[in-house]
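Here is what each chain is made of, one letter per residue.
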Amino acid sequence: MSFPNKRREMDLMKLMMSDYKVEMVTDGMHEFFVDFHGPKESPYQGGVWRIRVELPDGYPYHSPSIGFVNKMYHPNVDEMSGSICLDVINQTWSPMYDLVNVFEVFLPQLLLYPNPLDPLNGEAAALLMRDRPAYEQKVKEYCLKYAKPEDIGASPEEESSDEELSENEYDSSDEQMLGKPDP
(Lines give C-alpha, C1' and ligand atoms only; values in the text may rest on other atoms or scores of the structure.)
Protein backbone atom coordinates (compact mmCIF):
# COMPACT_ATOMS: atom_id res chain seq x y z
CA MET A 1 0.00 0.00 0.00
CA SER A 2 1.41 3.41 -0.95
CA PHE A 3 1.97 6.17 1.61
CA PRO A 4 -1.00 8.36 0.54
CA ASN A 5 -3.38 5.38 0.76
CA LYS A 6 -2.01 4.34 4.15
CA ARG A 7 -2.21 7.92 5.41
CA ARG A 8 -5.81 8.23 4.15
CA GLU A 9 -6.71 5.03 6.00
CA MET A 10 -4.92 6.13 9.20
CA ASP A 11 -6.54 9.59 9.18
CA LEU A 12 -9.98 8.13 8.61
CA MET A 13 -9.54 5.60 11.43
CA LYS A 14 -8.28 8.37 13.73
CA LEU A 15 -11.38 10.44 12.89
CA MET A 16 -13.68 7.48 13.63
CA MET A 17 -11.88 6.79 16.92
CA SER A 18 -12.42 10.45 17.91
CA ASP A 19 -16.15 9.68 18.27
CA TYR A 20 -17.23 11.30 15.01
CA LYS A 21 -20.00 9.53 13.15
CA VAL A 22 -18.54 8.74 9.74
CA GLU A 23 -20.56 7.29 6.86
CA MET A 24 -18.67 6.06 3.82
CA VAL A 25 -20.04 6.90 0.37
CA THR A 26 -17.54 4.81 -1.57
CA ASP A 27 -15.46 1.75 -0.75
CA GLY A 28 -12.20 3.49 -1.64
CA MET A 29 -12.18 5.88 1.34
CA HIS A 30 -12.27 8.86 -1.00
CA GLU A 31 -15.72 10.14 -0.13
CA PHE A 32 -17.65 10.14 3.14
CA PHE A 33 -19.93 12.13 5.44
CA VAL A 34 -19.11 13.27 8.96
CA ASP A 35 -21.64 14.53 11.52
CA PHE A 36 -20.31 17.78 12.99
CA HIS A 37 -21.71 19.42 16.14
CA GLY A 38 -21.72 23.20 16.48
CA PRO A 39 -19.22 24.60 18.98
CA LYS A 40 -20.37 25.08 22.57
CA GLU A 41 -21.06 28.62 23.75
CA SER A 42 -21.75 29.80 20.21
CA PRO A 43 -24.96 30.49 18.27
CA TYR A 44 -24.29 27.14 16.51
CA GLN A 45 -24.45 25.15 19.77
CA GLY A 46 -26.98 22.33 19.54
CA GLY A 47 -26.85 22.19 15.75
CA VAL A 48 -25.55 19.15 13.90
CA TRP A 49 -24.36 19.37 10.32
CA ARG A 50 -23.57 16.65 7.89
CA ILE A 51 -20.24 17.45 6.24
CA ARG A 52 -19.31 15.93 2.89
CA VAL A 53 -15.60 15.13 2.65
CA GLU A 54 -13.80 14.16 -0.53
CA LEU A 55 -10.16 13.16 -0.33
CA PRO A 56 -8.23 13.70 -3.58
CA ASP A 57 -5.83 11.07 -4.89
CA GLY A 58 -2.95 13.25 -3.69
CA TYR A 59 -4.15 13.46 -0.06
CA PRO A 60 -2.44 14.38 2.32
CA TYR A 61 -0.36 16.53 -0.05
CA HIS A 62 -3.57 18.00 -1.49
CA SER A 63 -6.33 19.33 0.74
CA PRO A 64 -9.66 17.58 1.24
CA SER A 65 -12.81 19.07 -0.25
CA ILE A 66 -15.17 19.97 2.60
CA GLY A 67 -18.78 21.16 2.37
CA PHE A 68 -21.90 21.43 4.49
CA VAL A 69 -24.79 19.25 3.29
CA ASN A 70 -27.55 20.85 5.35
CA LYS A 71 -28.01 24.62 5.26
CA MET A 72 -25.67 26.79 7.27
CA TYR A 73 -26.03 30.55 7.86
CA HIS A 74 -22.49 31.90 7.95
CA PRO A 75 -20.59 34.58 6.00
CA ASN A 76 -17.94 32.09 4.85
CA VAL A 77 -20.28 29.26 3.81
CA ASP A 78 -22.24 29.33 0.56
CA GLU A 79 -25.84 28.79 1.62
CA MET A 80 -26.84 26.86 -1.51
CA SER A 81 -23.79 24.67 -2.21
CA GLY A 82 -22.37 24.34 1.31
CA SER A 83 -18.89 25.28 0.07
CA ILE A 84 -16.66 26.91 2.64
CA CYS A 85 -14.11 29.69 2.39
CA LEU A 86 -11.32 28.74 4.75
CA ASP A 87 -7.70 29.58 3.88
CA VAL A 88 -6.20 26.66 5.81
CA ILE A 89 -8.13 24.19 3.66
CA ASN A 90 -8.29 26.08 0.38
CA GLN A 91 -4.83 27.68 0.22
CA THR A 92 -2.42 26.86 3.04
CA TRP A 93 -3.08 23.13 3.54
CA SER A 94 -0.10 21.11 4.74
CA PRO A 95 0.43 17.32 4.96
CA MET A 96 1.04 17.95 8.67
CA TYR A 97 -2.72 18.45 9.07
CA ASP A 98 -5.14 15.56 9.29
CA LEU A 99 -8.91 15.05 9.26
CA VAL A 100 -9.19 15.40 13.03
CA ASN A 101 -7.66 18.89 12.69
CA VAL A 102 -10.43 19.79 10.25
CA PHE A 103 -13.22 18.78 12.64
CA GLU A 104 -11.69 19.69 16.00
CA VAL A 105 -9.90 22.92 15.07
CA PHE A 106 -10.56 24.36 11.60
CA LEU A 107 -14.37 24.09 11.38
CA PRO A 108 -15.01 25.19 15.00
CA GLN A 109 -12.70 28.19 14.44
CA LEU A 110 -14.56 29.04 11.24
CA LEU A 111 -17.87 29.09 13.09
CA LEU A 112 -16.55 30.95 16.14
CA TYR A 113 -14.65 33.60 14.18
CA PRO A 114 -16.44 34.39 10.90
CA ASN A 115 -14.68 36.67 8.43
CA PRO A 116 -17.30 39.03 6.93
CA LEU A 117 -14.61 40.68 4.77
CA ASP A 118 -14.21 37.55 2.60
CA PRO A 119 -17.80 36.29 2.27
CA LEU A 120 -19.46 33.55 0.29
CA ASN A 121 -22.79 34.62 1.80
CA GLY A 122 -22.98 38.40 1.39
CA GLU A 123 -26.27 38.69 3.29
CA ALA A 124 -24.85 36.94 6.37
CA ALA A 125 -21.68 39.05 6.20
CA ALA A 126 -23.64 42.31 5.96
CA LEU A 127 -25.94 41.33 8.83
CA LEU A 128 -22.98 40.32 11.01
CA MET A 129 -21.28 43.67 10.43
CA ARG A 130 -24.48 45.70 10.80
CA ASP A 131 -26.28 43.93 13.67
CA ARG A 132 -24.48 41.05 15.44
CA PRO A 133 -27.43 40.14 17.75
CA ALA A 134 -29.75 39.85 14.71
CA TYR A 135 -27.09 37.74 12.93
CA GLU A 136 -26.82 35.39 15.92
CA GLN A 137 -30.61 35.10 16.08
CA LYS A 138 -30.74 34.14 12.39
CA VAL A 139 -27.98 31.53 12.99
CA LYS A 140 -30.07 30.03 15.81
CA GLU A 141 -33.16 29.96 13.56
CA TYR A 142 -31.20 28.08 10.89
CA CYS A 143 -29.93 25.64 13.54
CA LEU A 144 -33.49 24.90 14.62
CA LYS A 145 -34.75 24.60 11.07
CA TYR A 146 -31.88 22.82 9.27
CA ALA A 147 -29.48 21.35 11.85
CA LYS A 148 -31.60 19.32 14.23
CA PRO A 149 -29.72 16.22 15.43
CA GLU A 150 -32.64 13.93 14.61
CA ASP A 151 -32.69 15.08 10.97
CA ILE A 152 -29.06 14.19 10.20
CA GLY A 153 -28.95 11.37 7.70
CA ALA A 154 -32.60 11.63 6.75
CA SER A 155 -33.14 12.54 3.12
CA PRO A 156 -35.48 15.53 2.62
CA GLU A 157 -38.38 13.29 1.61
CA GLU A 158 -38.02 11.10 4.70
CA GLU A 159 -40.27 11.94 7.61
CA SER A 160 -39.89 10.82 11.20
CA SER A 161 -41.81 7.67 11.95
CA ASP A 162 -43.53 6.54 15.15
CA GLU A 163 -41.97 3.14 14.48
CA GLU A 164 -38.40 4.43 14.84
CA LEU A 165 -36.44 3.05 17.77
CA SER A 166 -36.20 5.20 20.85
CA GLU A 167 -32.77 6.33 22.01
CA ASN A 168 -32.59 3.45 24.53
CA GLU A 169 -33.71 0.76 22.08
CA TYR A 170 -31.14 1.21 19.31
CA ASP A 171 -28.83 -1.56 18.18
CA SER A 172 -25.54 -1.06 20.03
CA SER A 173 -23.44 -2.55 17.21
CA ASP A 174 -23.07 0.91 15.65
CA GLU A 175 -21.82 2.29 18.95
CA GLN A 176 -19.28 -0.49 19.26
CA MET A 177 -17.93 0.17 15.76
CA LEU A 178 -17.84 3.97 15.82
CA GLY A 179 -17.78 4.92 19.49
CA LYS A 180 -20.34 6.85 21.46
CA PRO A 181 -21.99 9.83 19.74
CA ASP A 182 -21.29 13.35 20.97
CA PRO A 183 -23.78 14.55 23.60
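Residues numbered from 1 in each chain as written. Predicted model: local features only at pLDDT ≥ 70, side-chain atom pairs only at ≥ 80, totals over all residues. Heavy atoms only, no water.

Asks: Can you break down the UniProt feature "active site" (unreviewed entry) in the protein residue by residue, with the values?
Replies: Feature annotation in UniProt assigns "active site" (unreviewed entry) to the following positions: Cys85. Looking at where Cys85 falls in the secondary structure, it is placed in the loop between strand 4 (65-68) and helix 2 (87-90). Sequence-distant contacts of Cys85, that is, excluding residues within four places in its chain, are made with Asn76, Asn90, Leu110, Asp118 and Leu120. (UniProt positions renumbered as here; feature names shortened; annotations may be inferred. Helix = DSSP H or I, 4+ residues; strand = E, 2+ residues; numbered from the N terminus. Contact = heavy atoms within 4.5 Å.)

Asks: Tell me about the packing of aromatic side chains, and name the residues and values.
Replies: For the structure on display, the rule yields 10 aromatic pairs. Between Trp49 and Phe68, the ring centres sit 6.4 Å apart and the planes meet at 90 degrees, which makes this aromatic pair edge-to-face. With a gap of 19 residues between them, Trp49 in strand 3 (residues 48-54) and Phe68 in strand 4 connect regions that are remote in the sequence. Just as Trp49 is buried, Phe68 falls in that class too. Feature note: the residues Tyr59, Trp93, Tyr97 and Phe106 constitute an aromatic cluster, connected by ring pairs. (Phe/Tyr/Trp six-rings, centres within 6.5 Å; stacked < 30°, edge-to-face > 60°. Buried < 20%, exposed > 50% of the residue type's maximum accessible area, 1.4 Å probe, protein only.)

Asks: Can you lay out the environment of Asp57 for me, pointing to particular residues and giving the numbers?
Replies: Inspection of the secondary structure assignment puts Asp57 in the loop between strand 3 and strand 4. Residue classification places Asp57 among the exposed positions, given a relative accessible area of 64%. The spacing of Asp57 and Asn5 is 52 residues in sequence and 8.4 Å in space, taken between C-alpha atoms.

Asks: Can you explain the pattern of salt bridges? Please cite residues and give values.
Replies: Taken as a whole and assessed by the stated rule, the structure comprises nine salt bridges. Across the pair Glu136 and Arg132 runs a salt bridge, and its minimum N-O distance is 3.1 Å. Here Arg132 and Glu136 lie together in helix 5 (residues 132-146), a separation of four residues that amounts to about one turn. Within the structure, one salt-bridge network assembled from shared partners comprises Lys21, Glu23, Asp35 and Arg50. (Salt bridge = Lys/Arg side-chain N within 4 Å of Asp/Glu carboxyl O.)

Asks: Requested: an account of the sheet that holds strand 3, with residues and values cited.
Replies: Strand pairing within a sheet occurs via backbone hydrogen bonds; the two strands may be parallel or antiparallel. Strand order in the open sheet formed by four strands is 1-2-3-4, and the pairing between neighbours is antiparallel. Looking at which strands have only one partner, the edges of the open sheet turn out to be strand 1 (22-24) and strand 4. On average, adjacent strands in this sheet sit at an angle of 25 degrees to one another, irrespective of strand direction. The pairing of strand 2 (residues 31-37) with strand 3 spans seven bridges and is classified as antiparallel. Its bridge partner lying in strand 3, Phe32 is registered against Val53. Lying over the sheet, helix 3 (residues 99-112) contacts strand 2, strand 3 and strand 4, oriented at roughly 50 degrees with respect to strand 2. (Pairing = 2+ DSSP bridges. Axes fitted to C-alpha atoms, helices over the stretch in contact; angles between N-to-C directions.)

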